[in-house]
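# Close look at the chain arrangement
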Amino acid sequence: MGWGETDGSNASRRTVLRRVGMIGGAAVVLAGCTSDGHASDDGDANDPDDTSRLELIHWWTAGGEEDALEALLDGFLEEHEEGVIEENPAPGGAGSALNAAVQSRLIDEEPPSTFQIWPGEALRPFTDSNVLAALDDIWSDDMREAYIDSVRELSQRNGVYVAVPVNIHRLNNLFYNVDIVEDVGVDPRSVDDPETLLEVFEAVADAGYTPLAHQTQDAWPTVQLWETVFLGQHGLETFQSFLDGDVDGLAEPVAESLSLIERYREHVSPDASSIAWDEANAQVITGDAAFTHQGDWAAGHYSSAELTYGEEWSHVAFPGTDGVYTMVLDSFVMPDPNPSPELTSAFLQYCGSVDAQRRFNQPKGSIPPRTDVPAEEFPPFLQDQMADFDASGDQLPTITHGSAIHPATKNQLEEAFASFLESWNVETTAERLLEIVGP
Ligand code: GAL
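Residues numbered from 1 in each chain as written. Predicted model: local features only at pLDDT ≥ 70, side-chain atom pairs only at ≥ 80, totals over all residues. Heavy atoms only, no water.

### Quick notes on helix 8 (residues 220-244)
Taking 1.5 Å per residue as the helical rise, helix 8 with its 25 residues ought to reach 36 Å, whereas the 20 Å between its terminal C-alpha atoms falls clearly short. The largest bend along helix 8 measures about 125° and falls at glycine 235. Counting buried residues along helix 8, 19 of its 25 residues qualify, which places the element largely inside the surrounding structure. Two residues or fewer past helix 8, glycine 245 is found with a positive phi of approximately 75°. (Helix = DSSP H or I, 4+ residues; strand = E, 2+ residues; numbered from the N terminus. Expected span 1.5 Å × (residues − 1). Bend = angle between axes of the 7 residues up to and from the residue. Buried < 20%, exposed > 50% of the residue type's maximum accessible area, 1.4 Å probe, protein only.)

### A few points about the site of the ligand
Neighbouring the ligand are 13 residues, the closest being Glu65, Ala94, Asp330, Lys364 and His401. At 3.0 Å, a side-chain N or O of tryptophan 59 approaches an oxygen atom of the ligand. In this structure, an oxygen atom belonging to the ligand sits 2.9 Å away from a main-chain N or O atom of alanine 94. Protein burial of the ligand: of its 300 Å² of free accessible surface, 100% is covered by the chains. Of the residues contributing to the shell around the ligand, the split by class is seven nonpolar, three polar and three charged. (Near = heavy atom within 4 Å. Polar contact = N/O pair within 3.5 Å; in protein donor to acceptor, adjacent residues only side chain to side chain. Areas by Shrake-Rupley, 256 points an atom, 1.4 Å probe, with all protein chains shown as cover. Nonpolar A, V, L, I, M, F, W, Y, C, P; charged D, E, K, R; others polar.)

### Observations regarding the sheet that holds strand 9 (residues 210-213)
An order of 9-10-8-11 is seen for the four strands of this open sheet, with the pairing classed as mixed. Each of the sheet's edge strands pairs with one partner strand only, and the pair in question is strand 9 and strand 11 (313-317). This sheet shows a mean twist of 25° between the axes of neighbouring strands, independent of strand direction. Of the pairings in the sheet, the one linking strand 8 (residues 173-177) to strand 10 (residues 289-292) comprises two bridges and is antiparallel in character. From the neighbouring strand, tyrosine 176 faces strand 10, where its bridge partner is phenylalanine 291. The strands touched by helix 11 (residues 297-304) within the sheet are strand 8, strand 10 and strand 11, with strand 8 carrying the most contacts at an inclination of about 25°. (Pairing = 2+ DSSP bridges. Axes fitted to C-alpha atoms, helices over the stretch in contact; angles between N-to-C directions. Contact = heavy atoms within 4.5 Å.)

### Points about the side chain of threonine 429
One can find threonine 429 in helix 16 (residues 426-437). Look at threonine 429 and you get buried, because its relative accessible area is 5%. In this structure, threonine 429 is in contact with Leu258, Ala416 and Phe420, ignoring residues within four places of it in sequence.

See below:
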């Protein structure tokens, strides 16, 4: 069976199955998992659909990301021919639809085998309700030695491993179309702060191009733009105070950064309110827009569009954030109980391997969290990001992508930004943000 076939159990789901056989001929069945195609209460160990099927919920359907996941799953199936993969995507950038999908499955006691999640604070609701298995056995000595320390820390809750990260994205990027900046005569490498970037946008607009490809249909791209501008304008200490909820003295810096975003606003894509992040990014690809601020999943998109780094598109750290690497990580976890415990364990072990991280990160536009994945196999852009990571004094977690702030607080911040995108009221939004994170 090849990619693209469905199990027909739910016509509204895009499920993809690849069936090769049963896991080692021996199935383990967990009582209580009664979802379509999963083990029934009394468990039928002879049904190959049960424990040899790995159901994976993710949101990687956008440019470049699909290729990366496919590369990962192909690698896994090469080592585990007995496995069957059932992809069950919950599309929506930055997981905008995934959380609800996973939560309802857990509430219904129909857990998937695994799902995509950011390590760090985003894990907290799941560990608080005890629905994730401990992965200390999967974290072999080899993995513990090979992973970057900060990533290992984010993979644990209360000293227990509960997640296996597969990548490190960077958030504080500014990507650009080389032809446009050359035509306008601006040099992004000489822009040192977010205010000067506004002057560059003005020059680009005067030359008749859209300065900033951006989407406002969802709030998250503006939250991530704000957190990056805030960091670029006011530095690490102020950023950390915001994360800590230590809001004394933050009213002015927060208002300043919102006010700059408000001034960027007239330079964003004319169709910002109706496009997705990859459609905004495509405007840089086609030469309709000069810049975009995005995590380096955007670079995976440039590669899948076969554009040449340094010639057609290029990159600088977002102005004011040179020397900082704001990390966005993705990981997989093991819901407990689990419909396919052996296969899920095998998958998580594979995600922690050199082979998985070599295959996945190149098309994804991210760098491996293991330090022993050969760098020379990676494209020049990612080799540059690896060098920046190594040289970075500070590797920060992020608000928008779940590692730094509890999901409930993050949701409130997103709601505040959704209102900002309607009212553009700097003062009330600044007050609201501080109220949310403050004591
Ligand atoms: C991030 C995720 C990335 C990428 C991005 C855009 O939160 O960590 O892997 O998918 O969202 O959707």
